[in-house]
Amino acid sequence: MKIAILPGDGIGTEIMAEAVKVLRVLDLKFETETAPVGGAAYETAGHPLPESTLALAKAADAVLFGAVGDWKYDKLERALRPEQAILGLRKHLGLFANFRPAICYEQLTHASSLKPELVAGLDILIIRELTGDIYFGQPRGRRTAVDGHFPGAEEGFDTMRYSRPEIERIAHVAFQAARKRSKRLTSVDKANVLETSQLWKDVMTQVHAQYPDVELDHMYVDNAAMQLVKAPKKFDVVVTGNMFGDILSDEAAMLTGSIGMLPSASLDKHNKGLYEPSHGSAPDIAGKGIANPLATILSAAMMLKFSLNQPEAAARIEAAVQSVLAQGLRTADIWSEGTRKVSTREMGDAVVAAITKTITG
Ligand code: IPM
Ligand code: MG
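Remember, predicted model here, so these are calculated numbers, not experimental data.

Thoughts on the overall build of the protein
A tally of helices and strands in the protein yields 12 helices and 14 strands. Scaling as 2.2 N^0.38, a compact globule of 361 residues should have a C-alpha radius of gyration of about 21 Å, and the protein matches this with 21 Å. Dimensions of the protein along its principal axes, counting C-alpha atoms only, are 65 × 50 × 40 Å. Among the 361 residues that make up the protein, the fraction classed as buried is 52%. Within the protein, residue pairs in contact and separated by at least 24 positions form 75% of the contacts whose partners lie at least 6 positions apart. Of the accessible surface of the protein, which amounts to about 16400 Å², a share of 52% is contributed by carbon and sulfur atoms.

Shown next, in the form of structure tokens:
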């Protein structure tokens, strides 16, 4: 097994070091190779996704990704900005299925901005289509308008589009995921306005015929945004397009009060995947040793489960994370009165210690 390690920018390096430490203590047979990505790669190789990094990601059995981005690159032309690295990896590796769980950990219920009773026990899975939609649709660009409200004015334009097979494949992923959970799936669209969404809704309904044991409902994205803060526990599995999924998954993550705890997986059709924390590169706290490494550590667990066929090792990591929370250890982002504030490294060490304890009994 070969794991490509792409730490990236900001807190990426610090949190990745802890995740790699945790992987090593599990005593599995795997090789790792590290490569620069994002702003770090732009600095050293002149491009956020250098050929060599892409080649490594393609050759590896799985990719563990930190985070990319820094305000200092905001003025670069779009093709050279750090975000292009993650978009390029998704596109070139065909990572169309993005799993974003939003779980409210029992000990962290009070970290949410919602009332504890609304989020206690929350466990939602957002499945976001990741290689289509307005993110990748052509044509796009800037030009002089020939029609519209201001002919002759400069305009920017993008294209929202989905083909039937693109919707079908994410529908199957979502129905199968729902089958493994509570058998309830909500498909989110804007079919009251958008043609793309009407096709999305039609295809979801058609694919549903193959999964009669799963309950499907459709919800408009504006209503879904509202229901997520009104009664989030009504959701179980949510499937939606790239753009809506980007927005709703951030909203859902924040409900848990601890985006620093949430992992994610982006899978291709063979379950090869890229695993990354749901939070970003947080350049404001980079290098201070206060970032929460648990989302990256839990991403490594997801990687072991989904791509590397090591469910027991994954379970050991997850149990160790539960154990450090139960011990009252907290990084600054999840700290509250009566718990012990620890650094990034101390948190990683504590997870390692908890795993070692289960290994040696
Ligand atoms: C995410 C991020 C990315 C996205 C950015 C960094 C391109 O917000 O993974 O949700 O919009 O998909
Ligand atoms: Mg996002």
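This is not the end of the story, as more comes after the structure.
Focus on the site of ligand 1
What surrounds ligand 1 is the set Glu 83, Arg 90, Arg 100, Arg 128, Tyr 135 and Asp 246. The separation between an oxygen atom of ligand 1 and a polar side-chain atom of Arg 90 is 2.7 Å. At 2.8 Å, a side-chain N or O of Arg 100 approaches an oxygen atom of ligand 1. When isolated, ligand 1 has an accessible area of 320 Å², and the protein chains bury 72% of it. Grouping the constituent residues of the shell around ligand 1 by class yields one nonpolar, no polar and five charged.

Regarding the pairing of strand E9 (residues 215-220)
Inspection of the sheet shows strand E8 (residues 184-189) paired to E9 by six bridges, in the parallel sense. Of the residues in E9, the one forming a bridge with Leu 185 is Leu 216. Read from E8 through helix H7 (residues 195-208) to E9, the crossover connection turns out right-handed.

Digging into the packing of helix H8 (residues 221-230) against helix H9 (residues 242-255)
Where H8 contacts H9, the two axes come as close as 10 Å, and the packing angle between them is 5°. Taken as axis vectors, H8 and H9 run roughly parallel relative to one another. Taken together, the residues of H9 that come into contact with H8 (itself represented by Val 221, Ala 224, Ala 225, Leu 228 and Val 229) are Phe 244, Leu 248, Glu 251, Ala 252 and Leu 255. Taken together, the residues of the contact of H8 with H9 break down into nine nonpolar, no polar and one charged.

The rules we used
Residues numbered from 1 in each chain as written. Chains lettered and ligands numbered in written order. Predicted model: local features only at pLDDT ≥ 70, side-chain atom pairs only at ≥ 80, totals over all residues. Heavy atoms only, no water. Helix = DSSP H or I, 4+ residues; strand = E, 2+ residues; numbered from the N terminus. Rg over C-alpha atoms; globule rule 2.2 N^0.38 Å. Buried < 20%, exposed > 50% of the residue type's maximum accessible area, 1.4 Å probe, protein only. Contact = heavy atoms within 4.5 Å. Areas by Shrake-Rupley, 256 points an atom, 1.4 Å probe, with all protein chains shown as cover. Near = heavy atom within 4 Å. Polar contact = N/O pair within 3.5 Å; in protein donor to acceptor, adjacent residues only side chain to side chain. Nonpolar A, V, L, I, M, F, W, Y, C, P; charged D, E, K, R; others polar. Pairing = 2+ DSSP bridges. Right-handed = clockwise from strand over helix to strand, strands pointing away. Axes fitted to C-alpha atoms, helices over the stretch in contact; angles between N-to-C directions. Parallel < 35°, antiparallel > 145°, perpendicular 65-115°, else oblique.

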